[in-house]
Amino acid sequence: MSVNVLIVDDSAVVRQVLTEQLAGIAGITVMGSARDPLFARKLMEKQWPDVIVLDIEMPRMDGLTFLRQLMAERPTPVIICSTLTEQGAEITMQAMSAGAVDIIAKPKIGLRQFLEDSKTLLGDAIKAAGHARMERVSAGSRAKPVMPTTQKLPADAVLAERAAVPIAGMTERVVAIGTSTGGTQALEYVLTRLPRTAPGLVIVQHMPGQFTAAFAARLDQLCQIEVREARNGDRVIPGLALIAPGTDHLLLRRSGAQYRVEVKGGPLVSRHRPSVDVLFRSTAQAAGPNAVGIIMTGMGDDGARGLLEMHQAGALTIAQDEQTCVVYGMPKEAVKLGGVDAVVGLPRIPELVTQAPTRLAYKRLHGASVPG
């Protein structure tokens, strides 16, 4: 079935180019375009779209106000098309919190060429949004970077050196989380429910580099724990969540009896940088059974192989269930590979992060969990 798309942008160039580009993609139908939300409303009275591509700054009504109205009235998958500015980053964070499922970071210069070059990736984002599960309470948001290529490399391309063997019996626990589509709100749900005594967290959320610092700063204001964008050499300690920069991979390393992170560049892995596979595989190497790996809502398979390696290294591995995922892609692939100890709903994840049980302790409490 075709995904019906409505384009809402005050730029005639954006409306024209997007309409032309999307018209050539099988499975997508542009049902119309509007220069502001009030004109969009008139079109929506005749036919409600499956997906809306929405600008933020527009006359008469801004995109954020329109988005909030939609989510309160009739939740609909919305992709934000936002210019990369410092002020725009904060507004975009508010849009993601309001329920947007994706971000397309459009430049101020070379806009037409950018949109033409991003045709396939934009089409993929729209199709994913068309299948997103929108709910009033657990609606998700996603910030998947628009990549210039679909290159897919194993994490070995980044993990050039194998980390030290984990120290058996270490009491300090570390929790690694990977997510994509729907992940911004899922992470907000989890992190805002953690106490200051929660174990240290290392997180990869697929998101353009221009937004990760603003995303971390916003969460830091909402949470009891400290949340910030990771810096190379940061120590992983209780009460701190480190989020990978949107431009670099995040790796966990062990230094003596401490855990630290390495922030480094490198090729795309599983079509992403940062890659969940890189984080999970490095966590398997550095922490082994002292870690908990959690894969949450997202499109594709990034993280599935890494979570399997964490499982094989003795870590407790958890996948978010289909019912509470916006897109049940990454968790589904992890389950298929056999690297998941337990499949749980989003409401249970904060408790598991706080407790950070070993695999043995979890199974003693809950019995052998059969992923479904």
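Since the structure is predicted, the reported quantities are computational estimates derived from the model, not experimental observations.

A.B. asks: How do you make sense of the sheet that holds strand 13 (residues 316–320) when you look at a structure like this?
C.D. replies: Strand pairing in a sheet takes place through backbone hydrogen bonds and is either antiparallel or parallel in direction. Ordered by their spatial adjacency, 7 strands build an open sheet running 8-9-7-6-12-13-14, and the pairing between neighbours is parallel. Where the open sheet ends on each side, the last strands, each with one partner, are strand 8 (226–229) and strand 14 (342–344). Looking at each pair of strands side by side, their axes are set apart by 20° on average, direction ignored. Inspection of the sheet shows strand 12 (residues 291–295) paired to strand 13 by 4 bridges, in the parallel sense. Residue pairing for strand 13: glycine 293 is matched across the bridge by threonine 317. Packing against the sheet, helix 7 (residues 183–191) makes contact with strand 6 (174–179), strand 7 (200–205) and strand 8, and its axis sits at approximately 165° to strand 7.

A.B. asks: Can you walk me through the packing of helix 7 against helix 8 (residues 209–222) in this structure?
C.D. replies: A pair of packed helices is captured by two measures, namely the crossing angle of their axes and the spacing between those axes. Put simply, helix 7 and helix 8 touch, their axes get as near as 10 Å, and they point 30° apart. It follows from the interaxial angle that helix 7 and helix 8 lie roughly parallel. Both helix 7 and helix 8 take part in a crossing whose hand is right-handed. When helix 7 is examined against helix 8, the residues Thr184, Leu187, Glu188 and Leu191 are found in contact with a partner set consisting of Phe215, Arg218, Leu219 and Leu222. Looking at the contact of helix 7 with helix 8 residue by residue, the class counts come to 5 nonpolar, 1 polar and 2 charged.

A.B. asks: Looking at this structure, how should I read unusual backbone geometry?
C.D. replies: Trans is the common state for peptide bonds, and a negative phi is the common state for residues other than glycine. Looking along the chain, the bond that leaves arginine 273 and enters proline 274 is cis, with omega of 15°. Assignment of secondary structure puts proline 274 in the loop between strand 11 (258–264) and helix 9 (276–287). A positive phi angle, near 70°, is found at arginine 60, a position not held by glycine. Mapped onto the secondary structure, arginine 60 falls in the loop between strand 3 (51–55) and helix 3 (63–73).

A.B. asks: Is there a simple way to explain the pattern of salt bridges in this structure?
C.D. replies: Two side chains of opposite charge can pair, provided their charged atoms sit close to one another. What the rule picks out here adds up to 11 salt bridges. Between glutamate 262 and arginine 253 there is a salt bridge; the shortest N-O distance is 2.9 Å. Its salt-bridge partner being arginine 359, residue aspartate 341 comes within 3.2 Å of it at the nearest N-O pair. Taken as a pair, aspartate 341 in the loop between helix 11 (330–337) and strand 14 and arginine 359 in helix 13 (residues 359–366) lie far apart in primary sequence, 18 residues in all. According to the relative accessible area criterion, aspartate 341 is buried, its value standing at 4%. In the salt-bridge network here, residues are joined through shared partners; they are Glu226, Arg228, Arg231 and Asp234.

Reading the values: the criteria
Residues numbered from 1 in each chain as written. Predicted model: local features only at pLDDT ≥ 70, side-chain atom pairs only at ≥ 80, totals over all residues. Heavy atoms only, no water. Pairing = 2+ DSSP bridges. Helix = DSSP H or I, 4+ residues; strand = E, 2+ residues; numbered from the N terminus. Axes fitted to C-alpha atoms, helices over the stretch in contact; angles between N-to-C directions. Contact = heavy atoms within 4.5 Å. Parallel < 35°, antiparallel > 145°, perpendicular 65-115°, else oblique. Left-handed = near helix turned anticlockwise from the far one by under 90°. Nonpolar A, V, L, I, M, F, W, Y, C, P; charged D, E, K, R; others polar. Salt bridge = Lys/Arg side-chain N within 4 Å of Asp/Glu carboxyl O. Buried < 20%, exposed > 50% of the residue type's maximum accessible area, 1.4 Å probe, protein only.

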